[in-house]
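This is what each chain is made of:
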Amino acid sequence: MVVLQQFFLNFKNDIFMWPIFITSLFGLALVVERVRYLRQASSVQKEEFLNQLNQLVLQGNLERCIALCNQNQTPLTKIVRAGLMAIASRKSVDEVQTAMDAVALREIPKIEKRTSMLAMLSNMATLLGLLGTIFGMIGAFAAVANVAASEKAARLAAEIAKAMNCTAYGLLVAIPLLGAYGWLQSKGTELIDDVHEAAVATLNFIISNRDKFAR
């Protein structure tokens, strides 16, 4: 309890606590935004979507294929829709591929957008904490310079303990941000792999059955 009281007292007095706090707010907002985006981007069940799409392709129902893609606006459905639209326009195989690649180049980077900033914010929180501690240590030694010898040890210990709180707070912010960065990067990479795999499989299936759309 005493440690917490001392910690929050330092929060009032140490100016380096506030930049770390602001960094934590930016990091939290970024994590929430990225989680929401990834949840929306992966809202389509890949296997179920591909099965439905393949059935419609075999039926030669191009309009329903496009309507299925329009039901959910995710990177996968947008890429597939671009290919279907090219098929509807009687484009060649290379033009269909190009249309899908163009959308992929626009949509794929959105999956990893701003995620790397979490690593930067984590490093910032750590460095601000260390900087705050260094300034606190300088102040601690300055504070005991004119103190009686009998009081120096106790006073120095108290000032050092106070200075170390800044590093502790910086690490308290940095560690969760770094963990969130690793988790989001892993999820993003997994989603990108799924999108690429599904897009290629869909392209090949559509191209091999494009004659059914001519019925």
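Just so it is clear, the structure is predicted and the values come from calculations on it, not from any experiment.

What counts, and where the lines are drawn
- Residues numbered from 1 in each chain as written.
- Predicted model: local features only at pLDDT ≥ 70, side-chain atom pairs only at ≥ 80, totals over all residues.
- Heavy atoms only, no water.
- Axes fitted to C-alpha atoms, helices over the stretch in contact; angles between N-to-C directions.
- Helix = DSSP H or I, 4+ residues; strand = E, 2+ residues; numbered from the N terminus.
- Parallel < 35°, antiparallel > 145°, perpendicular 65-115°, else oblique.
- Left-handed = near helix turned anticlockwise from the far one by under 90°.
- Contact = heavy atoms within 4.5 Å.
- Nonpolar A, V, L, I, M, F, W, Y, C, P; charged D, E, K, R; others polar.
- Polar contact = N/O pair within 3.5 Å; in protein donor to acceptor, adjacent residues only side chain to side chain.
- Phe/Tyr/Trp six-rings, centres within 6.5 Å; stacked < 30°, edge-to-face > 60°.
- Buried < 20%, exposed > 50% of the residue type's maximum accessible area, 1.4 Å probe, protein only.
- Arc of directions from axis to C-beta.
- Core = buried A, V, L, I, M, F, W, Y, C linked by side-chain atoms within 4.5 Å.
- Expected span 1.5 Å × (residues − 1).
- Patch = residues over 30% accessible without salt bridge, like charges linked within 9 Å, V, L, I, M, F, W, Y side chains within 5 Å.
- Areas by Shrake-Rupley, 256 points an atom, 1.4 Å probe, with all protein chains shown as cover.
- Salt bridge = Lys/Arg side-chain N within 4 Å of Asp/Glu carboxyl O.

Chemist: Mind showing me how you'd approach the packing of helix 4 (residues 62–70) against helix 5 (residues 75–88) here?
Modeler: Between two packed helices, what matters for the description is the angle formed by their axes and the separation of those axes. Helix 5 packs onto helix 4 with a crossing angle of 155° between their chain directions and a minimal axis gap of 9 Å. Taken together, the axes of helix 4 and helix 5 lie roughly antiparallel to each other. You can see that helix 4 and helix 5 cross each other, and the crossing is left-handed. Counted together, Leu62, Cys65, Ile66, Cys69 and Asn70 of helix 4 and Thr77, Val80, Arg81, Leu84, Met85, Ile87 and Ala88 of helix 5 form the full contact between these two elements. Looking at the contact of helix 4 with helix 5, its residues break down into 9 nonpolar, 2 polar and 1 charged.

Chemist: Just checking my understanding: could you explain the side chain of Thr77 for this structure?
Modeler: Within the element layout of this structure, Thr77 appears in helix 5. Within the structure, the side chain of Thr77 is placed 2.5 Å from the backbone oxygen of Asn72, a separation counted as a polar contact. Filtering out sequence-adjacent residues up to four positions away, Thr77 remains in contact with Val44, Phe49, Cys69 and Asn72.

Chemist: In this structure, what is going on with the packing of aromatic side chains? I would like to understand it.
Modeler: The relation between two aromatic rings is expressed through the spacing of the ring centres and the mutual angle of the planes. Taken as a whole and assessed by the stated rule, the structure comprises 1 aromatic pair. Seen from their ring centres, Trp18 and Phe21 are 6.0 Å apart, and the 90° between their planes marks the pair as edge-to-face. Taken together, the residues span about one helical turn, with Trp18 and Phe21 both in helix 2 (residues 17–41) at a distance of 3 residues.

Chemist: Mind showing me how you'd approach helix 4 here?
Modeler: Because the α-helix completes a turn every 3.6 residues, residues three or four places apart line up on one side. Looking at helix 4, one finds that the buried residues are Leu62, Cys65, Ile66, Leu68 and Cys69. Looking straight down helix 4, one finds that the buried residues subtend no more than 155° of arc, so they occupy a single side. Against helix 3 (46–59) and helix 5 lie the buried residues of helix 4.

Chemist: Looking at this structure, how should I read the packing of helix 2 against helix 6 (residues 93–112)?
Modeler: Contact pair helix 2 / helix 6: the axes reach a minimum separation of 9 Å and the direction vectors enclose 135°. In terms of orientation, helix 2 and helix 6 fall into the oblique class. Contacts from Arg34, Tyr37 and Leu38 in helix 2 reach Glu107, Lys110, Ile111 and Glu112 in helix 6. Residue classes in the contact of helix 2 with helix 6 are distributed as 3 nonpolar, no polar and 4 charged.

Chemist: It is not clear to me how the nonpolar core should be interpreted in this structure. Could you clarify?
Modeler: Side chains that are nonpolar tend, in soluble globular proteins, to be buried together. If you look at the biggest cluster of nonpolar residues, it comprises 52 residues, and the most contacted ones within it are Phe49, Leu53, Leu84 and Leu118. Mapped onto this core, the elements with two or more residues apiece are helix 2, helix 3, helix 4, helix 5, helix 6, helix 7 (116–143) and helix 8 (149–208). Here the element with the most residues in this core is helix 8; it accounts for 15 residues. Each residue touching Phe49, except ones within four places of it in the same chain, is listed here: Val44, Leu68, Cys69, Leu76, Thr77 and Val80.

Chemist: Help me out: how do you make sense of helix 2 in this one?
Modeler: The terminal C-alpha atoms of helix 2, which comprises 25 residues, lie 36 Å apart, in line with the 36 Å expected from a rise of 1.5 Å per residue. Restricting attention to buried positions, one finds in helix 2 the residues Met17, Ile20, Thr23, Ser24, Gly27, Leu30, Val31, Arg34, Tyr37, Leu38 and Ala41.

Chemist: Is there a simple way to explain a nonpolar patch on the surface in this structure?
Modeler: A contiguous nonpolar patch, built from Trp18, Phe21, Ile22, Leu25 and Phe26 and spanning about 500 Å² of accessible area, is present on the exposed surface. Considering the arrangement of structural elements, one finds Ile22 in helix 2.

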